[in-house]
Amino acid sequence: CWHLSPGANALGQLIAEFPDVFGRALVTSNFDPLMEVAISRNGGTSWRTSLSVDGPLDISTANGCQVIHIHGYWHGSDTLHTGQQLLAGRPTPKNSLLKLLEDQIVVVLAYGGWPDIFTGALSGLVSNNTYFPEILWATYETQPKISDYLFGSLSSGIARNRVTFYEGIDCHSFVPELLEIWRNAKMDNQDKITPVP
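Residues numbered from 1 in each chain as written. Predicted model: local features only at pLDDT ≥ 70, side-chain atom pairs only at ≥ 80, totals over all residues. Heavy atoms only, no water.

> So, the packing of aromatic side chains: which residues are in play, and what are the values?
Using the criterion set out here, one finds 6 aromatic pairs in the structure. An aromatic cluster of three or more residues is present, and its members are Tyr-111, Trp-114, Phe-118, Trp-137 and Phe-165. (Phe/Tyr/Trp six-rings, centres within 6.5 Å; stacked < 30°, edge-to-face > 60°.)

Following this line, the structure appears as structure tokens:
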């Protein structure tokens, strides 16, 4: 009975159809199962890691995309939704996020950059000269106002050209368009493959 927005559904399709590119891990600050539902409805597989306490990301493994709920899950676990909970130091999941994201392309969608473990992990990631991530941060506003906290957290990555902000990104149109680009690229590549007799 969960309603999927166009952006959530298309992201689930990207993960299901292109698991080698998009299907390793998805980090969400939401408590709901929408990403797991989107992946499943589109024929993919996923598994959930819920971090409502200080613990590692690799406490379990399974096939499919690991959907990581960094602030807990709506059912069967606590949710971290007060300022005190969000600001609490949780070094183990933060370090796990650092390990997960190092040297990766990290696309940030529909997220404001709170002072939580995700932004803290990104800050640690971009300030370490031995890591080489690409942080692509999409904002909905056409003239985004980046908070002082977020700018300060990512300033070393901005200086290293490891963080790029994109403005005017509506996830409900952008992600479906991205899905079509990947589908068309796949079709084009299939047309170029010559069967071996």
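Read on for the rest.
> Got a sec to walk through the environment of Phe-31? Specific residues and values, please.
The residue Phe-31 is located in the loop between β1 (25-28) and α3 (34-41) in this model. Placed 40 residues apart in sequence, Phe-31 and His-71 show a C-alpha to C-alpha distance of 6.9 Å. (Helix = DSSP H or I, 4+ residues; strand = E, 2+ residues; numbered from the N terminus.)

> How would you summarise the layout of surface pockets if you had to cite specific residues and measurements?
In this model, the largest pocket occupies a volume close to 1400 Å³. As for the largest pocket, its lining consists of 46 residues, and the residues nearest its centre are Leu-11, Leu-26, Val-107, Val-108 and Leu-109. The biggest single contributor to the lining of the largest pocket is helix α8 (residues 171-191), with 6 residues. Grouping the amino acids of the lining of the largest pocket by side-chain chemistry returns 32 nonpolar, 10 polar and 4 charged. (1 Å grid on protein atoms, 1.4 Å probe; cavity = no way out; pocket = protein on both sides within 12 Å on 5 of 7 lines; lining within 4 Å. Points joined across faces, edges and corners; volume = space filled by probe spheres on them. Nonpolar A, V, L, I, M, F, W, Y, C, P; charged D, E, K, R; others polar.)

> An account of helix α7 (residues 148-159) is requested, with residue identities and associated values reported.
Given a rise of 1.5 Å per residue, 12 residues ought to cover 16 Å, and the 16 Å separating the end C-alpha atoms of α7 matches this to within 8%. Considered for burial, the residues of α7 that qualify are Leu-150, Ser-153, Leu-154 and Gly-157. One side of α7 holds all its buried residues, which, seen down the axis, span an arc of 85 degrees. Counted as exposed and oriented over 90 degrees from the buried face of α7: Asp-148 and Ala-159. At its buried positions, α7 is contacted by α6 (117-127), β5 (134-138) and β6 (163-166). The first or second residue beyond α7 is Asn-161, which carries a positive phi of 60 degrees. (Expected span 1.5 Å × (residues − 1). Buried < 20%, exposed > 50% of the residue type's maximum accessible area, 1.4 Å probe, protein only. Arc of directions from axis to C-beta. Contact = heavy atoms within 4.5 Å.)

> If you had to explain the sheet that holds strand β4 (residues 105-108) to someone new, which residues and values would you point to?
Pairing within the open sheet is parallel, and its 3 strands lie in the order β4-β5-β6. Two strands bound the open sheet, and with one partner strand each, they are β4 and β6. Within this sheet the neighbouring strands show an average axis-to-axis angle of 15 degrees, counted without direction. Pairing geometry for β5 and β6, over 4 bridges, is parallel. (Pairing = 2+ DSSP bridges. Axes fitted to C-alpha atoms, helices over the stretch in contact; angles between N-to-C directions.)

> So what about the sheet that holds strand β2 (residues 46-50)? Which residues, and what values?
The strand order across the open sheet formed by 3 strands is β1-β3-β2, and the pairing between neighbours is parallel. If you trace the sheet from one side to the other, it starts and ends with β1 and β2, each paired once. Between one strand axis and the next, the sheet turns through 20 degrees on average, direction left out of account. Here 5 bridges tie β2 to strand β3 (residues 65-69), and the two strands are oriented parallel to one another. Within the sheet, the bridge partner assigned to Thr-49 lies in β3 and is Ile-68.

> Explain the nonpolar core to me, using residue names and the numbers behind them.
In this structure, Val-108, Phe-118, Leu-122, Ile-135 and Trp-137 are the most contacted members of the largest nonpolar core, which totals 22 residues. Mapped by element, the contributors of at least two residues to this core are α5 (91-101), β4, α6, β5 and α7. Ranked by residues supplied to this core, first place goes to α6 with 6 residues. For Leu-122, the contacting residues outside a window of four places in its chain are Leu-101, Val-106, Val-108, Ile-135, Trp-137 and Leu-154. Among the nonpolar cores identified, the runner-up in size contains 10 residues, and Met-35, Val-37, Cys-65 and Val-67 belong to it. (Core = buried A, V, L, I, M, F, W, Y, C linked by side-chain atoms within 4.5 Å.)

Just distances and angles here, no functional claims.
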